[in-house]
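Given next are the chains, with one letter for each unit.
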Amino acid sequence: MIPFSSERKAMGVVVKLEKGGLWLYVKGGSEIFAKLCTRHVVVSPDPDQVGDESATVETVEIDTSSQENISHTTIFYANQTLRTITICYGDFATWPPPCMPMNDDGEIPYEELARKLTLVGIASIEDPLREGVREAAGDCQKAGVNVLTARSIASQCGIFTPGSIIMEGPVFRQLNDKEMLKIVPRLQVLARSSPEDKKMLVDKEMRWEMKTTKQ
């Protein structure tokens, strides 16, 4: 079992197959795992094979057309204010896999396992707004505080306005100090952000406000 981690935004479990071998099932953020998959499962047109556990799973390489389809699917769900989760697996003959480097704890690093995965599908889930969220968002706006949440949720709350900036945490943390201070006034949505990203943003907002107050 690979427990969920907010840093890698994924979790996994190893399952032993009756026909031999093992699969590492992984689920996680679509924007991450869609890029880690090199093949995808082919949906069988034969209705007799549906639910047949003995049927062979057919897979093909992900080509340009498949990549576009995956991207369009993710965008389609996102535009409906739904979160997307990619489900995929890695195929291994034995466990632990041989010839893979071990870390200091005697375990194979997750990054070594999550390679050349096979895409099973993309699921979508809805995170309904809790009671009082809209009011809380309004209070935060009046106080001059940006709410850090996904674009879809921000749109529902009415806090995402034209001309503002949307950015993902991994992109934000790569900016230098000057670039961060420049975009902070217009940054309203920081998606897929870690606690460190949020702390960094708050620090930059405080510096920007202090600088503005002195002028």
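How each quantity is defined
Residues numbered from 1 in each chain as written. Predicted model: local features only at pLDDT ≥ 70, side-chain atom pairs only at ≥ 80, totals over all residues. Heavy atoms only, no water. Helix = DSSP H or I, 4+ residues; strand = E, 2+ residues; numbered from the N terminus. Buried < 20%, exposed > 50% of the residue type's maximum accessible area, 1.4 Å probe, protein only. Contact = heavy atoms within 4.5 Å. Areas by Shrake-Rupley, 256 points an atom, 1.4 Å probe, with all protein chains shown as cover. Pairing = 2+ DSSP bridges. Axes fitted to C-alpha atoms, helices over the stretch in contact; angles between N-to-C directions. Phe/Tyr/Trp six-rings, centres within 6.5 Å; stacked < 30°, edge-to-face > 60°.

1. Quick look at the overall build of the protein chain
Right, on to step 1. Check the secondary structure of the protein chain and you find 8 helices and 9 strands.
Right, on to step 2. A total of 215 residues make up the protein chain; the buried ones form 29% of that total.
Right, on to step 3. Of all intrachain contacts in the protein chain linking residues separated by at least 6 positions in sequence, the fraction that spans at least 24 positions is 57%.
Right, on to step 4. Carbon and sulfur atoms make up 54% of the accessible area of the protein chain, which totals about 14300 Å².

2. Section: the environment of alanine 10
Right, on to step 1. Topologically, alanine 10 is positioned in strand S2 (residues 10-16).
Right, on to step 2. Along the chain, alanine 10 and isoleucine 32 lie 22 residues apart, while their C-alpha atoms are 9.2 Å from each other.
Right, on to step 3. Setting aside residues no more than four positions away along its own chain, alanine 10 makes contact with Pro3, Phe4, Ser5, Val26, Lys27, Gly28, Phe33 and Tyr110.

3. Details of the sheet that holds S2
Right, on to step 1. The strand order S1-S2-S3-S6-S7-S4-S5 describes an open sheet built from 7 strands, whose pairing is mixed. One side of each edge strand has no neighbouring strand; the edge strands of this open sheet are strand S1 (2-5) and strand S5 (59-61). Recorded for the sheet is a direction-independent mean angle of 30° between the axes of neighbouring strands.
Right, on to step 2. The sheet contact formed by S2 and strand S3 (residues 22-29) spans 7 bridges and is antiparallel. Bridged to glycine 12 within S3 is valine 26.

4. Focus: the packing of aromatic side chains
Right, on to step 1. Scanning the model with the defined rule gives 5 aromatic pairs in all.
Right, on to step 2. Taken together, a centroid distance of 3.9 Å and an interplanar angle of 15° make the contact between tryptophan 23 and tyrosine 89 stacked. One end of the pair, tryptophan 23, is in strand S3; the other, tyrosine 89, is in strand S6 (residues 83-92), with 66 residues separating them in the sequence. Both residues of the pair, tryptophan 23 and tyrosine 89, belong to the buried class.
Right, on to step 3. In textbook terms, an aromatic cluster arises when at least three aromatic residues are bridged by ring pairs, as seen for Trp23, Tyr25 and Tyr89.

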